[in-house]
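Chain residues, written in single-letter form:
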Number of protein chains: 2
Amino acid sequence: MAELVEIADAGDPRLADYRDLRDVQLRKHLEAEHGLFLAEGEKVVRRAVEGGFPVRSFLMAPRWLDGLADVLATTDAPCYVLSEALAEEVTGFHVHRGALASLVRRPLPPVAEVIAGARSVLVLEDIVDHTNVGAIFRSGAALGFDAALIAPRCADPLYRRSIKVGMGAVFSLPWTRLPDWHDALPTLSDAGFTTVALTLADDAVPIEEAVAGLDKVALVLGSEGHGLSPRWEQSADRRAVIPMKAGIDSLNVAAASAVACYVTARR
Amino acid sequence: MAELVEIADAGDPRLADYRDLRDVQLRKHLEAEHGLFLAEGEKVVRRAVEGGFPVRSFLMAPRWLDGLADVLATTDAPCYVLSEALAEEVTGFHVHRGALASLVRRPLPPVAEVIAGARSVLVLEDIVDHTNVGAIFRSGAALGFDAALIAPRCADPLYRRSIKVGMGAVFSLPWTRLPDWHDALPTLSDAGFTTVALTLADDAVPIEEAVAGLDKVALVLGSEGHGLSPRWEQSADRRAVIPMKAGIDSLNVAAASAVACYVTARR
């Protein structure tokens, strides 16, 4: 059973994991240095703990204790209990969904382990926005993808905002970070996947056509801004596009990935 | 040619249209009362002006003047020129994309005018989040929908955030607000549309099956939280679902609407 620790001072050093949650740069350093990540909201906290991540601590206002009693019962980690005003002072924002947990990151599995047995794999190059990473993981998991691989510079799927937008899909969808950017796609081809890059390139064919009849597929998505790198675009086995009305800006990456996942999963 | 007016004081009363842009409640009242809306960013400002909305004024830092010179040339409205620090003081946030414009809302067209000749129409019930409204308009426009109708309580498509996320799709996609909530869907059925409600209801069929072979379709989307009202769910001609993997939270509304628009547009 988690030990309930009442907190009366926002400066309490035991709350270090929860400081300044809106300061992305500070959080990146702090979380990497301490090997931790934060889960926010009752449902997501529950999924993180059920996903087997060791808990460093919880932080919540008293009214969230009952709903998470069964989760708190599974660990000896401290649970810091404080007023919502104090929680806001520590974290720097109003914690709408009440509960927070700080959990221990685990070593990422090797690529071979993540793709073993997978038939549909998402591959994200340099997605910059954490909410897009979360949205893509959620769409992939919901629509039947088996795993996700992310490029060395893709935004962190375990960042608080990614997890929250993804509703914890990052805990259920097997994933890892690719160690090598340059040969990432040829390596997947060698492993039996047809790599299909979503792009507006001239030789792109409609996505339904690109994936029709394929067995193992790796669906490759690029950055929100400039799309895929030339290297990835050219080293993919196929280039595919979502047919769109002329004169309209392309879909945003979350919408495009949802459509592409849907079509690919139903190939 | 717009008259360039240099501003040296954040309290200048001529900047009233641009105050406190992050205060949603205040903005709703101010914009309704004065019949205005704001466009943000060079591309979106340009599209609003090209869309024929009369300009009340522009507000921007000097470095944005050149890029918008052709747009400024089309109107006699004042263009308030000020430092970025002063712009931030007025608006309450850092204006990443530089230019803002305040434009005049036009009377919304009658429903009959908006749906005349349309084959695929989006119908939004009570979408609460402005970014979702923008994302749905953008997906609909990109994937070939002809028009959008929004329920009396749906969030405002001309709110700054809706426009920005939608990349100005609200200026190109014909739309209006439905005057009547209760009989909105039967009225569309009477006009020859098959109304297809996206829902997790027990009798929902896969979306591809629901729209197959249909001529005029109205695709009906509900609120982010609780989905469609029982009245709309039951008064739709058909109920449809995006097939998803068991145990995963449903797609978020922007992802689900992109998939549903894609499938419906290709029926």
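Residues numbered from 1 in each chain as written. Chains lettered and ligands numbered in written order. Predicted model: local features only at pLDDT ≥ 70, side-chain atom pairs only at ≥ 80, totals over all residues. Heavy atoms only, no water.

Peer 1: When you look at the pairing of strand 6 (residues 120-124) of chain A in this model, what are you seeing that I'm missing?
Peer 2: A regular strand carries its side chains on alternate faces of the sheet. Residues and elements named next belong to chain A. Counting buried residues along strand 6, five of its five residues qualify, which places the element largely inside the surrounding structure. Pairing analysis gives five bridges linking strand 6 to strand 11 (residues 217-221), with the strands arranged parallel. Directly across from Leu122, in strand 11, lies its bridge partner Leu219. Note: strand 6 against strand 7 (residues 147-150), four bridges, orientation parallel. When the sheet's bridge partners are listed, Leu124 is paired in strand 7 with Ile150. Between the parallel pair strand 6 and strand 7, the chain is carried across by helix 6 (residues 130-142), and the sense of this crossover is right-handed. (Buried < 20%, exposed > 50% of the residue type's maximum accessible area, 1.4 Å probe, protein only. Helix = DSSP H or I, 4+ residues; strand = E, 2+ residues; numbered from the N terminus. Pairing = 2+ DSSP bridges. Right-handed = clockwise from strand over helix to strand, strands pointing away.)

Peer 1: How do you make sense of the domain arrangement of chain A when you look at a structure like this?
Peer 2: When the parts of a complex come together, some accessible area is lost, and that lost area is often taken as the interface size. Residues and elements named next belong to chain A. One can read the domain layout of chain A as domain 1 (3-104) and domain 2 (111-265). For domain 1 versus domain 2, the distance between C-alpha centres works out to 31 Å. On the side of domain 2, nine residues touch domain 1, which itself brings 16 residues to the contact. A combined buried area of about 1,300 Å² lies between domain 1 and domain 2, and 65% of that area is made up of carbon and sulfur atoms. There are two salt bridges connecting domain 1 and domain 2. Across the salt bridge formed by Glu40 and Lys164, the nearest N and O atoms sit 3.2 Å from each other. When contributions to the side of domain 1 that touches domain 2 are tallied by element, the ones reaching two or more residues are helix 1 (24-34), strand 2 (36-40) and helix 2 (42-50). Partitioning the side of domain 1 that touches domain 2 into residue classes produces eight nonpolar, no polar and eight charged. (Domains from an automatic or database assignment. Contact = heavy atoms within 4.5 Å. Buried area = accessible area lost by both parts, 1.4 Å probe. Salt bridge = Lys/Arg side-chain N within 4 Å of Asp/Glu carboxyl O. Nonpolar A, V, L, I, M, F, W, Y, C, P; charged D, E, K, R; others polar.)

Peer 1: What's the story with the interface of chain A and chain B in this structure? I'm lost.
Peer 2: Counting from both sides, the interface comprises 29 residues of chain A and, opposite them, 29 residues of chain B. Summed over both partners, the interface of chain A with chain B comes to about 2,400 Å²; 56% of that surface belongs to carbon and sulfur atoms. Counting across the interface, chain A meets chain B through two salt bridges. Between Arg266 of chain B and Glu208 of chain A there is a salt bridge whose closest N-O contact spans 3.3 Å. For the pair chain A and chain B, the interface holds six residue pairs in polar contact (both at pLDDT 80 or more). Residue assignment for the side of chain A that touches chain B shows that the elements contributing at least two residues are helix 2, helix 6, helix 10 (207-211) and helix 12 (253-265) of chain A. (Polar contact = N/O pair within 3.5 Å; in protein donor to acceptor, adjacent residues only side chain to side chain.)

Peer 1: How should I be thinking about helix 2 (residues 42-50) of chain B in this particular structure?
Peer 2: Along an α-helix, residues three or four positions apart point the same way, because every turn accommodates 3.6 residues. All names here are of chain B. For helix 2, every residue scored as buried is listed here: Val44, Val45, Arg46, Ala48 and Val49. Each element contacted by the buried residues of helix 2 is listed here: strand 2 (36-40), strand 3 (55-60), helix 3 (69-72), strand 5 (100-104), helix 7 (160-165) and helix 8 (169-172). Count one or two residues on from helix 2 and you reach Gly52, which has phi positive near 90°.

Peer 1: Explain the side chain of Thr75 of chain B to me, please; I cannot follow it from the model alone.
Peer 2: Residues and elements named next belong to chain B. Tracing the backbone shows Thr75 in the loop between helix 3 and strand 4 (78-81). Given the relative accessible area of 13%, Thr75 is considered buried. Residues contacting Thr75, with those up to four places away along its chain left out, are Met1, Ala2, Val55 and Phe58.

Peer 1: Looking at this model, I keep getting lost on the pattern of salt bridges. Mind explaining?
Peer 2: Close approach of charged atoms allows side chains of opposite charge to pair. Evaluated as defined, the whole model comprises 30 salt bridges over all chains. With its nearest N and O atoms 2.9 Å apart, the salt bridge here joins Asp12 of chain B to Arg14 of chain B. Through salt bridges that share partners, Arg27, Glu31, Arg105 and Asp156 of chain A make up one connected network.

Peer 1: For this particular structure, what's the right way to read the relation of the copies chain A and chain B?
Peer 2: The operation linking the two copies of the chain is a rotation about an axis combined with a translation along the axis. When chain A is fitted to chain B, the best match, at an RMSD of 0.0 Å, comes from turning it 180° and sliding it 0.0 Å along the axis. The two molecules are tied by a two-fold rotation axis, judged by turn and shift. A shared binding surface is used by both copies, with 100% of the interface residues of chain A retained as interface residues in chain B. (Least-squares fit on C-alpha atoms with pLDDT ≥ 70 in both.)

Peer 1: I would appreciate a short explanation of the sheet that holds strand 5 (residues 100-104) of chain A in the present structure.
Peer 2: Sheet strands pair via backbone hydrogen bonds, and the direction of the pair is either parallel or antiparallel. Residue and element names in this part refer to chain A. Ordered in space as 1-4-3-5-2, the five strands form an open sheet in which the pairing is mixed. Bordering the open sheet on either side are strand 1 (3-6) and strand 2, each of which pairs with just one other strand. Strand after strand, the sheet turns through a mean of 20° between neighbouring axes, direction not considered. Here strand 2 pairs with strand 5 via five bridges, running antiparallel. Across the sheet, Leu38 pairs through a bridge with Ser102, a residue of strand 5. Across the sheet, helix 1 touches strand 2 and strand 3 (55-60), and the angle it forms with strand 2 is around 120°. (Axes fitted to C-alpha atoms, helices over the stretch in contact; angles between N-to-C directions.)

Peer 1: Is there a simple way to explain the packing of aromatic side chains in this structure?
Peer 2: Ring pairs (aromatic) are described by centroid distance and by the angle formed between their planes. Taken as a whole, this structure holds eight aromatic pairs over all chains when the rule is applied. When the ring of Phe37 of chain B is compared with that of Phe53 of chain B, the centres are 5.1 Å apart and the planes differ by 85°; the resulting orientation is edge-to-face. Linking Phe37 of chain B in strand 2 with Phe53 of chain B in the loop between helix 2 and strand 3, this pair joins segments that are 16 residues apart in sequence. Owing to a relative accessible area of 0%, Phe37 of chain B belongs among the buried residues under this scheme. Grouped by ring-pair contacts, the aromatic residues Phe37, Phe53 and Phe171 of chain A constitute a single cluster. The lysine or arginine in question, Arg106 of chain A, covers the ring of Phe53 of chain A, its NZ or CZ lying 3.9 Å from the ring centre. (Phe/Tyr/Trp six-rings, centres within 6.5 Å; stacked < 30°, edge-to-face > 60°. Lys NZ or Arg CZ within 6 Å of the ring centre and 35° of its normal.)

Peer 1: Explain the packing of helix 6 (residues 130-143) of chain B against helix 12 (residues 253-265) of chain B here, please?
Peer 2: Relative orientation and spacing of two packed helices are given, respectively, by the angle between their axes and the distance between those axes. Residue and element names in this part refer to chain B. At a closest axis distance of 9 Å, the pairing of helix 6 and helix 12 adopts a crossing angle of 20°. Judged by the angle between their axes, helix 6 and helix 12 are roughly parallel. Taken as a pair, helix 6 and helix 12 cross one another with a handedness that is right-handed. For the pair helix 6 and helix 12, contact is made by Asn132, Ala135, Ile136, Ser139, Gly140 and Leu143 and by Val253, Ala254, Ser257, Ala258, Cys261, Tyr262 and Ala265, respectively. When grouped by side-chain class, the residues that make up the contact of helix 6 with helix 12 number nine nonpolar, four polar and no charged. (Parallel < 35°, antiparallel > 145°, perpendicular 65-115°, else oblique. Left-handed = near helix turned anticlockwise from the far one by under 90°.)

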